[in-house]
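# Structural characterization, general
Here is how the chains run, residue by residue.
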Amino acid sequence: MSAIIQHLIDAVSLGGIYALAALGIGLIFGIMGLINFAHGNFFMIGAYVIFLMSGRPVLIVAATTLVVVILLALSSDRFVFRPLRGAGGPTLLIASFGLAYLLENIILMIFGGRPKAVDFGHGLVESVTIGSVRISQLDIFTIATTAVLLTGLTLFLRKTRYGTEMRAAASDFRMARLLGIRANRVVATAFAVSGVLAAAVSFLLVAQTGAVIPGMGLIPVLFAFVATIMGGLGSLPGAALAGFILGFGSVGLQIVLPHDLVPYRDAFLFTLVVIIYALFPGGLMSGLRRQGGERV
Amino acid sequence: MTYASNIENPRTSIQYLAGQVSPAVSLILILLIISLVSSLFGTDLIQLAVIEMLVMVVVVVGLYMFIGNSGIVSFGHPVFMLLGAYCTAWLTLPVPFKQMNLPGLPLFLAGHQYNVFLAAIISGGFASVFAGVTGIVLMRLSGLAASMAMFCVLVVVHMVYANWDAVTLGLSSIVGLTTYVNVWVAFGWAAVAITVAYIYQSSRLGLALRATREDEVAAEASGIHIMRQRMVAFVLSAFFVGVGGALYGHYLGAISVSTFYITITFITLAMLVIGGMRSLCGAVMGTIVVSVFVELLRELENGINLGGIALTIPTYSQELGLALLMILILVFRPKGMMGDKELQWPLGIGMKRRLRIRERVEE
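Residues numbered from 1 in each chain as written. Chains lettered and ligands numbered in written order. Predicted model: local features only at pLDDT ≥ 70, side-chain atom pairs only at ≥ 80, totals over all residues.

## Structural notes on the overall build of chain A
For chain A, the helix and strand inventory stands at 12 helices and four strands. On C-alpha atoms alone, chain A measures out to a radius of gyration of 19 Å, which is about the 19 Å that the 2.2 N^0.38 rule sets for 296 residues. Considered along the principal axes of its C-alpha atoms, chain A spans approximately 55 × 45 × 35 Å. Taken over 296 residues, chain A has a buried fraction of 45%. Of the contacts formed within chain A by residues at least 6 apart in sequence, a portion of 76% connects residues at least 24 apart. (Helix = DSSP H or I, 4+ residues; strand = E, 2+ residues; numbered from the N terminus. Rg over C-alpha atoms; globule rule 2.2 N^0.38 Å. Buried ≥ 20, exposed ≤ 12 C-beta atoms within 10 Å, placed from the backbone. Contact = placed C-beta atoms within 7 Å.)

Structural data, given as structure tokens:
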């Protein structure tokens, strides 16, 4: 029983990271149809900021990382994606891939390609024992961060003016503009929010791995894409749900797979996901939403 | 009407034919001139750069066959390079090497050493078969989901090859591939790839796929089976990307799984996007331009001597430069250098002028 609970906690904590990453991508996709490859580089750069600032008080590290990642997200919108407003999905996708490559090589140029150890979150190694279940503080930290951010994001989207504007833009961008919502401001807000989510993922990744490396964003961002698409592009609850499903899938495969096959865990997961795409091309949630709806 | 008048007047019919084949022929001529000049006058370094460029032409033209005609941006095509390169390694490495280092190979691979040319074709075929199988799932998807699913396939195969030590040596390099790929071998394959790509895009199949690129609904309503047409392009393009991967392996002499991952995905896509992904000429021109650009930056990274002043730029400038170039092209010229246009021969006589000539003849 306690083993099951332990695995469940692992799954929720891993799924939480994927869900946060997926929401960062899903928010922007919903509004402007862009799958942002560079989102993984946002986490990666956030992680390098934590590496540079390590040793300072936690609050200062957190504030700096947040500011840097938000500025990075806003400037990638301003200098790369705003000039491409109105371009098609493939063009935006390729541009974001180019941006990702650019950011990764900037970091490579400055820090080189070797992993660097980060002295952050070492206080979280200890675990708490509740009954027969030992929970690491790291898992608690991860789950708490995820819960706070998910609640915060929901409140932001439902209760604030900016959130309402973003939801309007996501459901019909042209109509929203006709009603006087400023396109550039809504998109910039979305990038800023996705920057906040990416900064949070930076902290969680650094706390879990204890090291930074230029390619560290790739696998998490890939999980996030997969979650975004699985959830039905543009559906935020779908993306978050799919993030958790992937977390559960990863942990489940880790347990189920024979020892020799464990290195192939992610390979199995992605294969499953590609098959799920093919079965539900519109995403998991769309099957429920669009039942009987009109299709061309 | 036009067709009949072409038959009546032999001169226009020759002109018509020349106009039809000129895009492919002029591209092959350009590559021929580059190959000739480099093999006659080039230093070793330049020759190596030209071989690499020609191999990339094979890959990028292969990539173009799918992306250009279907309009689906694939982030997964380097998987075919990976499959092709490892396949040719299994086929052509010396038997003792294989028996010692790759114990997982079946006997027909481990016990024989095959001819390199045959190996290139088998490697392409292997990539095609893989494309045919994965295509059953991938070709059902459209747009961004297809792009991401193909990227997933790349990552999955990368993970499998990186961990399957018994046949791939895992993350270590396989060395000792015969470096038989000289300028003419690479040129030959590039010419074949261009010819096939051009024949395909002008054929009924290619036109059908291009129709689905412009408007899926209208194409389907006109009786085009979208999935089947995409599959044809996918399998065909996998063949050439697979052959390109095999050639690239024999060009480098050593391969590892990391050779065929994000970097090559980016570089090949950048070549296609910078040239213009809707035109065969764009694919070839993009490869040439990007190769020259990358080679120049690479030289600068190694340092050059300018009148006594040593000029060196930091490592990774090459990658940064290419990424910036691609973003600038997307912002200022989103359709790439060539847009939708193909080269016409003689240069400068475009479609309009030829039509005007034909009309005048008809009058």
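## Things to note about the overall build of chain B
Tallying secondary structure elements over chain B gives 17 helices and four strands in all. In terms of C-alpha radius of gyration, chain B reaches 22 Å, essentially the compact-globule figure of 21 Å for 363 residues. Dimensions of chain B, computed from the C-alpha atoms along their principal axes, are close to 75 × 60 × 40 Å. The buried share of chain B, reckoned over its 363 residues, is 48%. Of the contacts formed within chain B by residues at least 6 apart in sequence, a portion of 79% connects residues at least 24 apart.

## Comments concerning the confidence of the model for chain A
Detailed reading of the predicted coordinates is not advisable wherever pLDDT falls low. Of the residues in chain A, 92% have a pLDDT of 70 or more, and the chain-wide mean is 86. Counting contacts from residues 287-296 of chain A, a segment whose pLDDT is below 50, to residues more than four positions away or on other chains yields four contacts. (pLDDT = per-residue confidence, 0-100.)

## Focus on the interface of chain B and chain A
Contacts between chain B and chain A engage 33 residues on the former and 38 residues on the latter. When residues of the side of chain B that touches chain A are traced back to their parent elements, those giving at least two are helix H8 (143-163), helix H14 (262-275) and helix H16 (317-332) of chain B. Sorting elements by how many residues they give to the side of chain B that touches chain A places H8 of chain B first, with 13 residues. Here the residues of the side of chain B that touches chain A sort into 27 nonpolar, four polar and two charged. (Nonpolar A, V, L, I, M, F, W, Y, C, P; charged D, E, K, R; others polar.)

## As for the pairing of strand E3 (residues 133-136) of chain A
Of the strand pairs in this sheet, strand E2 (residues 127-130) of chain A and E3 of chain A are connected by four bridges, and their pairing is antiparallel. The residue bridging Val 128 of chain A from the neighbouring strand is Ile 135 of chain A, located in E3 of chain A. (Pairing = 2+ DSSP bridges.)

## What about the environment of Gly 111 of chain B?
Within the secondary structure, Gly 111 of chain B is located in the loop between helix H6 (107-110) and helix H7 (116-138). For Gly 111 of chain B and Ile 34 of chain B, which are 77 residues apart along the polypeptide, the C-alpha to C-alpha distance reads 40 Å.

## Overview of the environment of Thr 65 of chain A
Mapped onto the fold, Thr 65 of chain A is located in helix H3 (residues 58-81). Among residues more than four places away in sequence, those in contact with Thr 65 of chain A are Gly 46, Val 49, Ile 50, Ala 199 and Ser 202 of chain A.

## Thoughts on unusual backbone geometry
Residues and elements named next belong to chain B. The residue Leu 169 is not glycine, and still its phi comes out positive at about 60 degrees. Here Leu 169 shows up in the loop between helix H9 (165-168) and strand E1 (174-175). When the 20 C-beta atoms within 10 Å are taken as the criterion, Leu 169 is described as buried. Even without being glycine, Tyr 316 reaches a positive phi, approximately 75 degrees. Mapping Tyr 316 onto the fold places it in the loop between strand E4 (309-311) and H16.

## As for helix H4 (residues 89-111) of chain A
With 23 residues, H4 of chain A should cover 33 Å at 1.5 Å per step; its first-to-last C-alpha distance of 33 Å lies within 8% of that length. One or two positions beyond H4 of chain A, positive phi appears at Gly 112 of chain A, with a value near 80 degrees. (Expected span 1.5 Å × (residues − 1).)

## Brief notes about the packing of H3 of chain A against H4 of chain A
Residues and elements named next belong to chain A. Their axes nearest at 11 Å, the elements H3 and H4 cross at an angle of 125 degrees. The angle between H3 and H4 falls in the class oblique. Relative to H4, H3 is oriented so that their crossing is right-handed. The segment H3 lies against H4, with Ser 76, Val 80 and Phe 81 engaging Leu 92, Ala 95 and Leu 99. (Axes fitted to C-alpha atoms, helices over the stretch in contact; angles between N-to-C directions. Parallel < 35°, antiparallel > 145°, perpendicular 65-115°, else oblique. Left-handed = near helix turned anticlockwise from the far one by under 90°.)

## Focus on H14 of chain B
Here H14 of chain B spans 20 Å end to end across 14 residues, near enough to the 20 Å set by a 1.5 Å rise per residue. Most of H14 of chain B sits inside the fold, with 12 of its 14 residues counted as buried. Buried within H14 of chain B are the following residues: Ile 262, Thr 265, Phe 266, Ile 267, Thr 268, Leu 269, Ala 270, Met 271, Leu 272, Val 273, Ile 274 and Gly 275 of chain B. Taken together, the buried residues of H14 of chain B touch H4 of chain A together with helix H3 (44-70), helix H4 (78-92), helix H15 (280-302) and H16 of chain B. Among the residues trailing H14 of chain B, Gly 276 of chain B stands out with phi positive, at a value near 120 degrees.

## Quick notes on the packing of helix H2 (residues 39-53) of chain A against H3 of chain A
All names here are of chain A. Direction vectors running N to C along H2 and H3 enclose 145 degrees, while the axes themselves pass 9 Å from each other. Considering how the two elements wind past one another, H2 and H3 form a crossing that is right-handed. Together, Phe 42, Ile 45, Gly 46, Val 49, Ile 50 and Met 53 of H2 and Ile 60, Val 61, Thr 64, Thr 65, Val 68, Val 69, Leu 72 and Ala 73 of H3 make up the contact between the two elements. Among the residues making up the contact of H2 with H3, the classes are represented as 11 nonpolar, three polar and no charged.

## A few points about the confidence of the model for chain B
All names here are of chain B. On average, residues of chain B carry a pLDDT of 88, and 91% of them reach 70 or more. Note on residues 1-7: pLDDT under 50 across the span, and eight contacts to partners over four residues away in sequence or across chains. For this predicted complex, the interface confidence score (ipTM) comes to 0.85, while the overall pTM stands at 0.88.

## As for the environment of Glu 214 of chain B
Along the chain, the position of Glu 214 of chain B falls in helix H11 (residues 204-214). C-alpha of Glu 214 of chain B to C-alpha of Ile 14 of chain B: the two residues are 200 residues apart in sequence and 31 Å apart in space.

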